[in-house]
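Chain by chain, the residues run as shown.
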Amino acid sequence: MSFTEWIFLLGGLAVAGPVIAHLLAKPRFRRLPFTMLRFLRTGQVESRSRRKLRDLLILLLRCAIIVLIAMLFARPLLHIRLKPSESRSVHCLGLDNSMSMAYSDGSDSYFDKLVDSAVDYIRSARDDAMFNICALASGDWMQGLGKEQALAEVRALKVEPGGTNVSDFLSGLSRAGRAEHSSDNVSVLVLSDFTPNTLRQFVNVAEPAAVHKIDYEPIVSSKPVNNAAIAGAQVIGLADGKLTINVAVVNYGLLRQNRRLTAKTGANRSAPVDINLSANQRNVFQVQLDVGAAGRQSSVLPVELSLSDGDGLSGDDTFYLAVSIPGHEDINVLLAGEGGNRMFLLKTATDTLSRTSSYDALRIKQVSMSELAVSDLDWADVVVCSAITDRLGDLALDIESFVRAGGRFVCFVTEAVAPEAARQLWQRDILAALPGKYISKRMYIQPKPCDSRAPGVDHIAARSLSNYRIDKVLLKGCFECEPHPEARLLWQLQNGFGLVYLKSLGSGTSILVNTSVDDSLGSLTKSNASVAFCRYLLGESHQLDEYCFTRDERIVLPMSGRDQAFAGQEQVWVETCNGAHRRAVVAESSLLVPDPAGIGWIKTLSKPTIYAGINLPQGETDMTKPVAAELAGVMSRVFATGAESDVTEAGVVRDKKNRPLWKIFAWILILLLLAEPAVANRLKR
Amino acid sequence: MRQNRKYLDPAFLSKLGNMDLVARCAVEGFFAGLHPSPFHGFSVEYSDHREYHAGDELKFVDWKVFGRSDKLYIKQFQQETNTTAYILLDSSKSMSFAGDGTVSKMDYGSYLAAALSYLMLSQSDSTALILFAERVMKHIPPRSRRTHLNIILTALQYNRPAGQTNLAGVLHTIAETTKRRGIVILISDLLDDEADIFQGLAHLKFLKHDVIVFHTMDHQELNLDYEGLIQFEDLETKARMRAFPQSLREGYRKRVSEFLDNIEKTAGNSGIDYCLLDTSEPLDRALIAYLAKRKRMM
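Only a predicted model underlies this, so the values are computations on that prediction, with no experimental measurement involved. (Residues numbered from 1 in each chain as written. Chains lettered and ligands numbered in written order. Predicted model: local features only at pLDDT ≥ 70, side-chain atom pairs only at ≥ 80, totals over all residues. Heavy atoms only, no water.)

Engineer: Go over the overall build of chain A, please, and point to the residues and values.
Structural biologist: Helices and strands together make up the secondary structure of chain A, namely 17 helices and 36 strands. Counting the 685 residues in chain A, one finds 49% classified as buried. Put simply, of all contacts in chain A between residues at least 6 apart along the chain, 74% involve residues at least 24 apart. Accessible surface, chain A as shown: approximately 32000 Å² in total, 51% of it carbon and sulfur. (Helix = DSSP H or I, 4+ residues; strand = E, 2+ residues; numbered from the N terminus. Buried < 20%, exposed > 50% of the residue type's maximum accessible area, 1.4 Å probe, protein only. Contact = heavy atoms within 4.5 Å. Areas by Shrake-Rupley, 256 points an atom, 1.4 Å probe, with all protein chains shown as cover.)

Engineer: Describe the overall build of chain B, with residues and values.
Structural biologist: Each helix and strand counted, chain B has 11 helices and 10 strands in total. Scored against the burial criterion, the 298 residues of chain B give a buried share of 48%. At a minimum sequence separation of 6, the contacts of chain B that also span at least 24 residues come to 73%. Total accessible area on chain B is roughly 14100 Å²; 49% of this is exposed by carbon and sulfur atoms.

Engineer: Summarise the packing of aromatic side chains; cite the residues concerned and give the values.
Structural biologist: Within this structure, the stated rule accounts for 17 aromatic pairs over all chains. Pairing B:Trp63 with B:Phe66 gives two aromatic rings, centres 5.9 Å apart and planes at 85°, and the pair type is edge-to-face. Here B:Phe66 and B:Trp63 lie together in helix α4 (residues 63-69), a separation of 3 residues that amounts to about one turn. Looking at B:Trp63, the relative accessible area reads 48%, which means it is partly exposed. An aromatic cluster is built from A:Phe34, A:Phe39, B:Phe97, B:Tyr226, B:Phe232, B:Tyr252 and B:Phe259, whose rings are joined through pairwise contacts. Sitting over the ring of B:Phe259, A:Arg38 keeps its end group 5.2 Å from the ring centre. Sitting above the plane of the A:Trp379 ring, A:Lys365 keeps its charged end 5.4 Å from the centroid. (Phe/Tyr/Trp six-rings, centres within 6.5 Å; stacked < 30°, edge-to-face > 60°. Lys NZ or Arg CZ within 6 Å of the ring centre and 35° of its normal.)

Engineer: Before we move on, could you go through the side chain of B:Ser188 and cite the residues and values that matter?
Structural biologist: Residue and element names in this part refer to chain B. Structurally, the position occupied by Ser 188 is in strand β6 (residues 183-188). Among the polar contacts listed, one links the side chain of Ser 188 to the side chain of Asp 90, at a separation of 2.8 Å. Excluding anything up to four places from it in sequence, Ser 188 contacts Asp 90, Met 95, Leu 167, Phe 214, His 215 and Thr 216. (Polar contact = N/O pair within 3.5 Å; in protein donor to acceptor, adjacent residues only side chain to side chain.)

Engineer: Now, about the sheet that holds strand β32 (residues 590-593) of chain A: what can you tell me, with residues and values included?
Structural biologist: All names here are of chain A. Across the sheet, 11 strands lie side by side as β13-β12-β15-β16-β28-β34-β33-β30-β31-β32-β29; this open sheet has mixed pairing. With partners counted over all chains shown, the strands left at the sheet margins are β13 (269-277) and β29 (555-558), one partner each. The mean inter-strand angle of the sheet, taken between neighbouring strand axes irrespective of direction, is 30°. (Pairing = 2+ DSSP bridges. Axes fitted to C-alpha atoms, helices over the stretch in contact; angles between N-to-C directions.)

Engineer: Residue-level account of helix α7 (residues 167-177) of chain B, with values.
Structural biologist: Residue and element names in this part refer to chain B. Those residues of α7 that fall on the buried side of the exposure criterion are Leu 167, Ala 168, Val 170, Leu 171, Ile 174 and Ala 175. End-on view of α7: buried residues confined to an arc of 165°, all on one side of the axis. In this structure, the buried residues of α7 make contact with β3 (84-90), β4 (126-132), β5 (136-143), β6 and α8 (194-206). (Arc of directions from axis to C-beta.)

Engineer: Can you lay out the interface of chain A and chain B for me, pointing to particular residues and giving the numbers?
Structural biologist: Facing the 24 residues of chain A at the interface are 33 residues of chain B. A buried area of about 2800 Å², summed over both sides, lies between chain A and chain B, and 64% of it is on carbon and sulfur atoms. Looking at the side of chain A facing chain B, the largest losses of area belong to A:Phe34, A:Thr35 and A:Phe39, adding up to 23% of the total buried there. Seen at the junction of chain A and chain B, the total is 1 salt bridge. The partner of B:Glu233 in a salt bridge is A:Arg31, and the shortest N-O contact between them spans 3.4 Å. When contributions to the side of chain A that touches chain B are tallied by element, the ones reaching two or more residues are β2 (30-34) and α2 (41-73) of chain A. Here the side of chain A that touches chain B takes 8 residues from α2(A), the largest share from any one element. Looking at the side of chain A that touches chain B, its residues break down into 9 nonpolar, 5 polar and 10 charged. Alignment of β2(A) against strand β8 (residues 230-234) of chain B, held across 5 bridges, turns out to be parallel. Residue pairing across strands places A:Pro33 opposite B:Glu233, the latter belonging to β8(B). (Buried area = accessible area lost by both parts, 1.4 Å probe. Salt bridge = Lys/Arg side-chain N within 4 Å of Asp/Glu carboxyl O. Nonpolar A, V, L, I, M, F, W, Y, C, P; charged D, E, K, R; others polar.)

Engineer: Give a description of the environment of A:Gln143 that names residues and reports values.
Structural biologist: Within the element layout of this structure, A:Gln143 appears in strand β6 (residues 140-145). Ignoring sequence-local partners within four residues, the contact set of A:Gln143 consists of A:Phe131 and A:Asn132.

Engineer: Help me get a handle on the pattern of salt bridges, residues and values and all.
Structural biologist: Across all of its chains, the model carries 22 salt bridges over all chains by this definition. With a shortest N-O distance of 2.9 Å, A:Asp274 and A:Arg260 are connected by a salt bridge. Placement of the pair is A:Asp274 in strand β13 and A:Arg260 in strand β12 (residues 257-265), with a sequence separation of 14 residues. The exposure class assigned to A:Arg260 is partly exposed, which follows from its relative accessible area of 41%. Notably, a salt bridge pairs A:Glu400 with A:Arg404, separated by 2.9 Å at the nearest N-O pair. Residue A:Glu400 and its partner A:Arg404 are located together in helix α10 (residues 396-404), separated by 4 residues, close to a single helical turn. Of the residues examined, A:Arg404 reaches a relative accessible area of 39% and is grouped as partly exposed. A network of salt bridges, in which partner residues are shared, links A:Arg31, B:Glu233 and B:Arg240.

Engineer: Before we move on, could you go through the pairing of strand β31 (residues 581-587) of chain A and cite the residues and values that matter?
Structural biologist: Residue and element names in this part refer to chain A. Alignment of strand β30 (residues 571-575) against β31, held across 5 bridges, turns out to be antiparallel. Each residue of the ladder has a partner; that of Glu 575, found in β31, is His 581. Pairing analysis gives 3 bridges linking β31 to β32, with the strands arranged antiparallel. Its bridge partner lying in β32, Ala 587 is registered against Ser 590.

Engineer: Give me the lowdown on the sheet that holds β2(A), citing residues and values where you can.
Structural biologist: Taken in spatial order, the 3 strands line up as β2(A)-β8(B)-β9(B) in an open sheet, and their pairing is mixed. Strand pairing shows two members of the sheet lacking a second neighbour, β2 of chain A together with β9 (240-243) of chain B, which therefore form its edges. Sheet twist, expressed as the mean angle between neighbouring strand axes with direction ignored, is 25°. In the sheet, β8(B) pairs with β9(B) via 4 bridges, with the strands oriented antiparallel. Directly across from B:Glu233, in β9(B), lies its bridge partner B:Arg240. Relative to the sheet, helix α10 (residues 245-270) of chain B contacts β2 of chain A together with β8 and β9 of chain B, its axis offset from that of β9(B) by approximately 110°.

Engineer: Talk me through the packing of helix α3 (residues 110-124) of chain A against helix α4 (residues 147-156) of chain A; I want residue IDs and the actual numbers.
Structural biologist: Residue and element names in this part refer to chain A. One can describe the packing of α3 onto α4 by two numbers: an axis separation of 10 Å at closest approach and a directional angle of 180°. Considering their axes alone, α3 and α4 lie roughly antiparallel with respect to each other. Counted together, Val 115, Ala 118, Val 119, Ile 122 and Arg 123 of α3 and Lys 147, Ala 150, Leu 151, Val 154 and Arg 155 of α4 form the full contact between these two elements. Classifying every residue of the contact of α3 with α4 by side-chain character gives 7 nonpolar, no polar and 3 charged. (Parallel < 35°, antiparallel > 145°, perpendicular 65-115°, else oblique.)

Engineer: Break down the packing of α7(B) against α8(B) for me, with residues and values.
Structural biologist: Residues and elements named next belong to chain B. Between α7 and α8, the shortest axis-to-axis distance is 8 Å and the interhelical angle comes to 10°. In terms of orientation, α7 and α8 fall into the roughly parallel class. On the side of α7, the interface is formed by Leu 167, Ala 168, Leu 171, His 172, Ile 174, Ala 175 and Glu 176, while α8 contributes Asp 196, Ile 197, Gln 199, Gly 200, Leu 201, His 203 and Leu 204. Counted by class, the contact of α7 with α8 contains 8 nonpolar, 4 polar and 2 charged residues.

Engineer: Any chance you could break down unusual backbone geometry for me, citing the residues and the numbers?
Structural biologist: Backbone geometry places A:Asn280, a non-glycine residue, at a positive phi of 55°. Within the secondary structure, A:Asn280 sits in the loop between β13 and β14 (282-290). At B:Lys238, a position not held by glycine, the phi torsion is positive, near 65°. Structurally, the position occupied by B:Lys238 is in the loop between β8 and β9. A relative accessible area of 59% means that B:Lys238 is categorised as exposed.

Engineer: Give me helix α14 (residues 530-538) of chain A: which residues, what numbers.
Structural biologist: All names here are of chain A. Most of α14 sits inside the fold, with 8 of its 9 residues counted as buried. Those residues of α14 that sit buried are Ser 530, Ala 532, Phe 533, Cys 534, Arg 535, Tyr 536, Leu 537 and Leu 538. Immediately downstream of α14, the backbone of Gly 539 shows phi near 100°, a positive value.

Okay, here's the thing in structure tokens:
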């Protein structure tokens, strides 16, 4: 037995305390004159002996408790020397069943060769050997197998549509090393094609695994590799019913690739492109896919990109890309301000917004408040007013009709609110809040909107606003607003006053921003957040989006306003890549899918149908053969064997086993602590 | 009744201080508490009339009745049977034990001796008081005068326990020195060799004495109700012993019970009246025992 922190053993000297106390202590008793001592005599010897026994026992118990505590802190280790006959052969097999192993050079596939090699290895092992098998693609371990069981498990392995996961294999190996049978002869066999992706994972291993013996075999073909793959795709735009996609195709092999790239959506819409790639060449090809009417309505379009047959691995010839199409819509924005200067900054921001891809067509018209006419309202989809003036009161009925018909009425309030106009708009349920007393006090905006899930608000814009230092924007003042009972407070000032109120009226929306144009809107629009704030006010954006993930990514589907059908639900049923139905969690504005179960499509089972494409990790099927010397170097670094392994650091001892004793000591200590008062009290009787 | 019993309570009597008062309280409290008494006294006094029969002594004819009724009636008298009572009070150190600290065995014995003396002398019995420990320390010879009570009570008042018990020796001494037979009342804790004690008592019985043993024991001596670690110190021998009484209690009670049973059994076999008195109890048990004995002597 040894102690890791032997210095704590000095704490055992504390036993001197109870010993000295025992020696010095005099029993406390009271004197009592008595007459019939002869009748006590028989019991006297018994009593005194019991008392002595009790004192001694208690002293021993207390000393033992102190010594045990000291030993516990010293972290005792018990060395168990093992006989050679006690050690067993444990074989840990890391078998690569990732997608790249499906490659075939015309004869057997890589995976078939891997299975043959593994079977040969298992058969050559001793009959009493134990096998632990790890499938590198899934990271699943099958442990404690006998020879026959191991053979059966190896034969049952299948290629999985995914990349290798070396970390699970190595962490499982480390656990096995630290386990009770760590003294066993642990041999490791790694069978893989050691693609650059896999090799990179081995290179990145921080701590070597201590094993007795390491074997590895790169499963490669002697022939030149013939493989091309679609490495990625990006949606460029949607114009005139045609979806433009840039597709990255890589030739991972040494043979020239003359293939046909086809983009397909639905049963009868496809766009083929002939491609030509030399050895190890990567190129981007543009595909235009006619989506017809689907491009004019809001939907998620599944687009399958595929390469024609002609290489040794078909699993990477298909790419799944879901395109979120917002539908085509022109938006007319009417900016109504007292003067051109007042709306200049807002116009600039809106102009900027119109040039981004957020909106299909954002047409801006600027009028002064006094010239605001009914015809303007007829033209506009969004009306932004820099102030509440008497002219708005005159047009109250028309504005109500405009909003009820689906228009968006955004109204800033200034220091000089026309109270009559405000009252008229309020009475017609147009205003989300009624401005009251103006408070001329400098104040800051809350960093984040308080209600970004309200219908009529672009939640992406709301989230992006939180990325700006909006709380640094200092406003000159604000109004004490009385919110409409049906209105929602979207944003607050830091002093608790409302900044943005929203109210639905008919099929339209009315927004009131509790700032003045000059002092506050100016501040807002001068800030970095100006474009984001305009986007926030103007409503949902219309942007093409891609729902495309790799196999090892966390699948999080953003939900736009179109997907508000899922709002209020906690879970949504989805169909995963293998056709199974699973529940996806709705979290805020996202849909979380736990496991895609392969590559292919994920889709929601309830309307609206949302697709997401799941693909192989990039470079997974890069079939570049490993360099033998480099591979040997990596393996020797990852697996420390024999003399190279530092047994202390690795925590594995070959001929003897260190068993920590602290648990035993702790249990004994607890028992003693329980026994001490029991002994002390019991023997007093 | 309850009010009268208060005067028999040793704790109450201990507060009186004056032994004369103690004796008076105890005895009168005792009689006041009784129902119409069966104890008519033992002096010469008229008892009844009966018709004259031939052979009756003429001196007992009640001539006054004859003068009134011309019939001869004989006056019957209760014959006075004056006796001598020897009260032996153990005054050894062990008698000073007071378990709860109020009334020691010595106090209790003294109250009892005083009450008995009062009772006896009021009946014109000669009463002697012998105080002893290892030997007889004070011997007040028997007298029947009422003034004799003062002498006895004074002796009791100033008696202090001292010395070890030598009960057997003392009993032999008394047996040898008492000329007239009577009632020997032994008040003691009997903490001596049992065989020796009963040899001494047998000696007295042999001399035709009537013997009553009042065995005074403290409540703690009987029960050992102490708790915690205690160093017991013997009052007579000064021997010491440290023990947890709770661990000894059971055995102790058993041995004490055997001791008392043995004494009672031996006393019964020897024709000795035995009365175990707990010093926490009133005196009436002792007085009843005495009067019962006295009646049997009539």
